[in-house]
Amino acid sequence: MTARIYQQPKNAMQSGKARTDTWVLEFEQSEARKPDPLMGWTGSGDTQAQVRLNFPSLDAARAYADKYGIAARVHATPPKSLKIQAYADNFR
């Protein structure tokens, strides 16, 4: 059972930065998804892929993974870059 740990990204639909300081542990899928013959929806029998755990810090997420013997990979948070631009630049 493998998992990935990453920091929650900022919501693209809002300007606020709520919950961006939390870390998430998600399990990776262990079996492929297959389409349902009747409805055409995709699904699988893997229930671990539905589990998503939130932690206040990276250390807490790693400690949880170590405690329960979960092989976890940590995805680094990309650096935040701001594009400073004035409103007047739209009319040049």
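Look up a bit, the structure's there.
Structure report, in brief. (Residues numbered from 1 in each chain as written. Predicted model: local features only at pLDDT ≥ 70, side-chain atom pairs only at ≥ 80, totals over all residues. Heavy atoms only, no water.)

1. Re the overall build of the protein chain
Turning to step 1, where the next piece is worked out: Tallying secondary structure elements over the protein chain gives one helix and six strands in all.
Turning to step 2, where the next piece is worked out: The N-to-C order of helical and strand elements in the protein chain reads β-β-β-β-β-α-β.
Turning to step 3, where the next piece is worked out: The C-alpha atoms of the protein chain give 19 Å as radius of gyration, which overshoots the globular expectation for 92 residues (12 Å, by more than 25%).
Turning to step 4, where the next piece is worked out: When the backbone C-alpha atoms are referred to their principal axes, the protein chain occupies close to 55 × 40 × 20 Å.
Turning to step 5, where the next piece is worked out: Expressed as a percentage of its 92 residues, the buried residues of the protein chain come to 16%.
Turning to step 6, where the next piece is worked out: Approximately 7,600 Å² of the protein chain is accessible, and the part contributed by carbon and sulfur atoms is 54%.
Turning to step 7, where the next piece is worked out: Mean positive and mean negative side-chain charge positions of the protein chain (13 and 9 charges, respectively) differ by 8 Å. (Helix = DSSP H or I, 4+ residues; strand = E, 2+ residues; numbered from the N terminus. Rg over C-alpha atoms; globule rule 2.2 N^0.38 Å. Buried < 20%, exposed > 50% of the residue type's maximum accessible area, 1.4 Å probe, protein only. Areas by Shrake-Rupley, 256 points an atom, 1.4 Å probe, with all protein chains shown as cover. Lys, Arg positive; Asp, Glu negative; His and termini not counted. Charge placed at Lys NZ, Arg CZ, Asp CG, Glu CD.)

2. Comments concerning the side chain of T20
Turning to step 1, where the next piece is worked out: Position of T20 relative to the elements: it lies in the loop between β1 (2-7) and β2 (23-27).
Turning to step 2, where the next piece is worked out: Polar side-chain contacts of T20 include one of 2.9 Å to the backbone oxygen of K17. (Polar contact = N/O pair within 3.5 Å; in protein donor to acceptor, adjacent residues only side chain to side chain.)

3. Overview of the pattern of salt bridges
Turning to step 1, where the next piece is worked out: All told, the structure shown has five salt bridges when counted by the stated rule.
Turning to step 2, where the next piece is worked out: Taking the shortest distance from any N to any O, the salt bridge between E26 and R52 comes out at 3.6 Å. Pair noted here: E26 is in strand β2 and R52 is in strand β5 (residues 52-55), with a separation of 26 residues, a long-range link.
Turning to step 3, where the next piece is worked out: Overall, the relative accessible area of 18% leaves E26 in the buried class.
Turning to step 4, where the next piece is worked out: You can call R52 partly exposed: its relative accessible area is 42%.
Turning to step 5, where the next piece is worked out: Connected via shared salt-bridge partners are R4, E26 and R52. (Salt bridge = Lys/Arg side-chain N within 4 Å of Asp/Glu carboxyl O.)

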